[in-house]
Amino acid sequence: MPTRDTTETGRPREVASSVGDSASVSNQLKFTHGMLLGIICSVAFFLRLVNLLQTVELPTIVQLMGDARGYVDWAEQIAAGHWYGEETFYQAPLYPYTLAVLIKGFGSGIFGLRFFQILLGTLSVYLLGLAGRHAFNRRVGLIAAMMYALYPPAIYYDGIIQKTALASFLLCLLLAQCAFLSRRTSKKFSLLTGMTLGLLVLTRENSLLWVPIIPLWMAWHMPTNRSGRVKAIACYGLGLALTLVPVAARNASLGGEWSPTTFQAGPNFYIGNNLQSNGLYRPLVPGHETPKYERADAQRLAEQETGRELSSRQVSRFWFEKSYNEIQLDPVRWVQLVMLKSLMIFNRFEVPDVESMRVYRDFSTPLRLLTPIWHFGILGPLAVWGILVTRHRWRRLSLFYALTVVMVAAIVMFFILGRYREPLVPLLIIFAAGGLPVIRQLLQTRNWKRYRVPIATTLASVVICNLPVHDESMLNASSYMNVGIAAGLNGDMGESIDYLHNAIEARPDLSEAWVNLGRAYEQNNSLNKAIRCYKIALEVDPLLEPVDRWLGSVYEEVGDLQQAVNHYQSALILNPSDQLAREGLERLTNQPLP
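Residues numbered from 1 in each chain as written. Predicted model: local features only at pLDDT ≥ 70, side-chain atom pairs only at ≥ 80, totals over all residues. Heavy atoms only, no water.

**Student:** Looking at this structure, I do not really get the overall build of the protein chain. What am I missing?
**Tutor:** Along the protein chain, the regular secondary structure elements total 28 helices and 0 strands. The C-alpha radius of gyration computed for the protein chain amounts to 28 Å, which stays within 12% of the reference 25 Å derived for 594 residues, consistent with globular compactness. If you line up the protein chain on its principal axes, its C-alpha atoms span 125 × 55 × 50 Å. Of all 594 residues assigned to the protein chain, the portion counted as buried reaches 53%. If you take every contact in the protein chain between residues at least 6 apart in sequence, the share linking residues at least 24 apart comes to 72%. When the accessible surface of the protein chain is totalled, it reaches about 27100 Å², and 60% of it is carbon and sulfur. The centroid of the 54 positive side-chain charges in the protein chain is displaced by 18 Å from the centroid of its 46 negative side-chain charges. (Helix = DSSP H or I, 4+ residues; strand = E, 2+ residues; numbered from the N terminus. Rg over C-alpha atoms; globule rule 2.2 N^0.38 Å. Buried < 20%, exposed > 50% of the residue type's maximum accessible area, 1.4 Å probe, protein only. Contact = heavy atoms within 4.5 Å. Areas by Shrake-Rupley, 256 points an atom, 1.4 Å probe, with all protein chains shown as cover. Lys, Arg positive; Asp, Glu negative; His and termini not counted. Charge placed at Lys NZ, Arg CZ, Asp CG, Glu CD.)

**Student:** Sorry, what's going on with the confidence of the model for the protein chain here?
**Tutor:** Close inspection of predicted coordinates is inappropriate in any region flagged by low pLDDT. On average, the protein chain scores 90 in pLDDT, and the residues at 70 or more come to 94%. For the stretch residues 1-19, pLDDT sits under 50, and the model shows 2 contacts to residues farther than four places along the chain or on other chains. (pLDDT = per-residue confidence, 0-100.)

**Student:** I keep staring at the environment of Leu254 and nothing clicks. Help me out?
**Tutor:** Here Leu254 shows up in helix α11 (residues 226-255). Judged by its relative accessible area of 30%, Leu254 is partly exposed. Residues Leu254 and Phe89 lie 165 residues apart in sequence; the distance between their C-alpha atoms is 9.5 Å.

**Student:** Before we go on, may I ask you to explain the packing of aromatic side chains in this structure?
**Tutor:** To describe a pair of aromatic rings, one takes the distance between the centres and the angle between the planes. Under the criterion given, the structure shown has 24 aromatic pairs. Taken together through their ring pairs, the aromatic side chains of Trp74, Trp83, Phe89 and Tyr97 make up a single cluster. Above the face of the Tyr84 ring, Arg250 is positioned so that its terminal group lies 5.7 Å from the ring centre. (Phe/Tyr/Trp six-rings, centres within 6.5 Å; stacked < 30°, edge-to-face > 60°. Lys NZ or Arg CZ within 6 Å of the ring centre and 35° of its normal.)

**Student:** I would appreciate a short explanation of the packing of helix α8 (residues 164-181) against helix α20 (residues 424-445) in the present structure.
**Tutor:** When two helices pack together, their arrangement is given by the angle between the helix axes and the distance between those axes. Direction vectors running N to C along α8 and α20 enclose 40 degrees, while the axes themselves pass 9 Å from each other. Taken together, α8 and α20 sit at an angle that is classed as oblique. Contacts between α8 and α20 involve Leu171, Cys172 and Leu175 on the former and, on the latter, Pro426, Leu427 and Ile430. Of the residues in the contact of α8 with α20, the class split is 6 nonpolar, no polar and no charged. (Axes fitted to C-alpha atoms, helices over the stretch in contact; angles between N-to-C directions. Parallel < 35°, antiparallel > 145°, perpendicular 65-115°, else oblique. Nonpolar A, V, L, I, M, F, W, Y, C, P; charged D, E, K, R; others polar.)

**Student:** Would you take a moment to explain the pattern of salt bridges for this structure?
**Tutor:** Pairs may arise between side chains of opposite charge once their charged atoms sit close together. This model, assessed by the stated rule, comprises 14 salt bridges. The salt bridge partner of Lys322 is Glu305, with a shortest N-O separation of 3.4 Å. Of this pair, Lys322 sits in helix α14 (residues 312-329) while Glu305 sits in helix α13 (residues 291-306), placing them 17 residues apart in sequence. Where Asp353 meets Arg419, a salt bridge forms, and the shortest distance between an N and an O atom there is 2.6 Å. Remark: Arg419 occurs in the loop between α19 (394-412) and α20 and Asp353 occurs in the loop between α15 (331-345) and α16 (357-361); sequence separation between them is 66 residues. Judged by its relative accessible area of 4%, Arg419 falls in the buried class. By sharing partners, the salt bridges in this structure join Asp67, Asp353 and Arg419 into a single network. (Salt bridge = Lys/Arg side-chain N within 4 Å of Asp/Glu carboxyl O.)

**Student:** In this structure, what is going on with a nonpolar patch on the surface? I would like to understand it.
**Tutor:** A contiguous nonpolar patch, built from Phe31, Met35, Leu36, Ile39 and Val43 and spanning about 450 Å² of accessible area, is present on the exposed surface. Checked against the element boundaries, Met35 lands in helix α1 (residues 7-54). In this structure Met35 comes out as partly exposed when scored by relative accessible area, which is 43%. (Patch = residues over 30% accessible without salt bridge, like charges linked within 9 Å, V, L, I, M, F, W, Y side chains within 5 Å.)

**Student:** Just to check I follow, could you spell out the packing of α19 against α20 for this structure?
**Tutor:** Where α19 contacts α20, the two axes come as close as 10 Å, and the packing angle between them is 145 degrees. You can see that α19 and α20 cross each other, and the crossing is left-handed. The residues of α20 that touch α19, namely those facing Leu397, Phe400, Tyr401, Leu403, Thr404, Met407, Val408 and Ile411, are Leu424, Leu427, Leu428, Ile430 and Phe431. Tallied by class, the residues present in the contact of α19 with α20 amount to 12 nonpolar, 1 polar and no charged. (Left-handed = near helix turned anticlockwise from the far one by under 90°.)

**Student:** Looking at this structure, how should I read unusual backbone geometry?
**Tutor:** Trans is the prevailing form of peptide bonds, just as negative phi is the prevailing case for residues other than glycine. Residue Pro546 follows Glu545 across a cis peptide bond; omega there is -10 degrees. You can see Pro546 is positioned in the loop between α25 (527-540) and α26 (547-558). Phi angles above zero are rare outside glycine, and Arg446 is one such case at about 55 degrees. For Arg446, the position within the fold is in the loop between α20 and α21 (452-465). Overall, Arg446 belongs to the exposed group, its relative accessible area being 56%.

**Student:** What's the story with the nonpolar core in this structure? I'm lost.
**Tutor:** What tends to happen in soluble globular proteins is that the nonpolar side chains get buried as a cluster. By size, the foremost hydrophobic cluster in this structure holds 102 residues, and its most contacted members are Leu175, Leu197, Trp210, Leu379 and Phe400. No other element matches α8, which puts 12 residues into this core. Leave out the neighbours within four places in its chain, and Leu175 touches Leu128, Ala131, Phe400, Leu403, Pro426, Leu427 and Ile430. Counting 55 residues, the second largest nonpolar core, distinct from the first, contains Tyr480, Leu500, Leu517 and Tyr555. (Core = buried A, V, L, I, M, F, W, Y, C linked by side-chain atoms within 4.5 Å.)

**Student:** Even after reading the chapter, I still don't get the side chain of Thr458, so can you show me in this structure?
**Tutor:** By secondary structure assignment, the location of Thr458 is in helix α21. What Thr458 contacts, discounting residues up to four positions off in sequence, is Pro381, Val384 and Trp385.

The following block contains the structure:
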């Protein structure tokens with residue numbers, strides 16, 4: 001007997017229609033989200049490209065200095081065939097090996113290397129958008145991507161020869177993978193997460209402290225049964241081992257000691273925690289701020305004090321023990337130092353290394369326009385706000401909390417540079433982006449009482465993040481000094497002298513600027529001016545090397561041999577291994593030295 005269509009028989013068709021409409025809307029939303037994220041990435045690429053093109057002729061780009069010079073020299077050695085190397089790693093190896101691949105495979109010069117980095121920066125924006133989407137929703141993902149696309153320090157670090165761009169890319173990739181794993185268990189993504197963190201450790205060593213955090217989070221939070229969690233953690237461990245074990249084995253084969261990363265932790269810890277530390281980088285030997293000196297100085301000083309030869313691990317252990325001894329001598333001062341470094345981490349000012357964002361702003365339109373309105377002094381308070389108003393999502397965000405706290409502790413353990421705290425930026429942007437929709441809601445509802453604590457705490461953080469913690473005039477003067485040095489190395493002595501005078505006008509007590517001005521005058525054959533500059537440098541800092549040797553050389557050239565002998569002797573007192581000073585003294589006294 002035929003049946004009539006009933007409500008029940010009609011429902012499946014209605015439901016099917018509804019499901020179809022829902023799927024269509026979902027696909028449309030995904031398309032819109034993907035299109036908007038693509039536009040944001042295009043903006044990120046454009047800003048980074050403009051910054052790159054406008055800073056092509058900056059002296060510190062034409063003539064690389066400091067770590068940048070060291071990385072490129074190392075990469076060129078690798079590309080020339082020294083892929084295995086002859087020593088244990090003292091600096092994180094992944095970045096120079098990446099540069100070596102680009103140099104060997106594509107013949108990339110400095111412009112090509114920088115262009116590769118802005119591509120990485122653009123991908124970082126995309127990945128952070130995905131991380132924000134999985135941690136919150138599509139809207140927050142877009143906000144996070146836009147915040148990172150426009151963030152001036154990110155634009156700056158993507159455009160200089162430093163490992164920051166590679167580290168930021170790997171970090172954003174790690175955050176996107178972890179955010180995905182917070183929603184869905186995947187052995188494949190667990191394996192990739194372990195590999196990504198391993199690569200990040202080989203780029204930024206303090207990421208090693210994150211290694212146990214992720215499996216603990218997986219065991220507690222991953223949405224699956226016990227068997228699924230065990231398998232995911234095992235895949236994570238396998239991915240980590242695939243990247244770190246070969247490096248540890250290579251270090252062991254060359255130095256007899258296993259280490260998955262490098263052996264510079266001890267000297268760096270001492271630099272950040274000794275009795276004279278102020279939270280900034282100060283080399284073990286004044287004037288020896290470059291990589292070619294750092295390892296040799298740490299080894300030489302440790303062996304002089306112990307009276308025996310030391311392995312790489314023993315040198316690192318020596319500096320750790322020396323740090324602990326000095327901390328015990330004045331623990332109150334050390335606590336104050338830790339508090340100071342904690343303030344420095346969240347301060348608006350980007351502490352420069354050899355290169356400075358302040359100098360780049362003179363050349364780069366994106367940096368000049370964006371820096372006054374979007375910097376760490378704004379990001380920090382927005383992140384505080386986001387953490388407080390999204391605390392009801394603490395389970396979903398628990399890993400990001402843990403990663404942030406551990407990274408802050410890792411940075412405070414050593415010394416502060418702007419590029420060292422850059423790994424915090426993607427993490428804080430996710431929190432800040434999550435809190436921005438609440439600000440809009442608050443402005444609409446005006447329900448101020450509900451958010452009294454977050455508002456008060458955020459306002460307090462605005463003050464703290466924008467306090468004048470650093471001697472910014474000294475740090476900016478040092479940056480202009482470095483540009484002057486680079487200009488001199490490029491052969492433009494007029495530009496070099498101008499930059500160095502600008503540095504001295506900003507800070508007349510900057511001894512290194514006087515030294516380099518003396519070097520510029522010496523190369524410009526203005527020997528009397530060079531002598532005057534060297535003398536002022538020694539008045540400011542009598543321990544600065546190798547000023548006495550240079551002064552002895554100039555006195556020898558002008559014919560004042562007794563003064564030359566005196567300064568060669570002073571140079572050898574400061575550094576008995578100064579071979580050039582020894583040769584100068586032997587030449588003038590006509591007798592060999594012991």
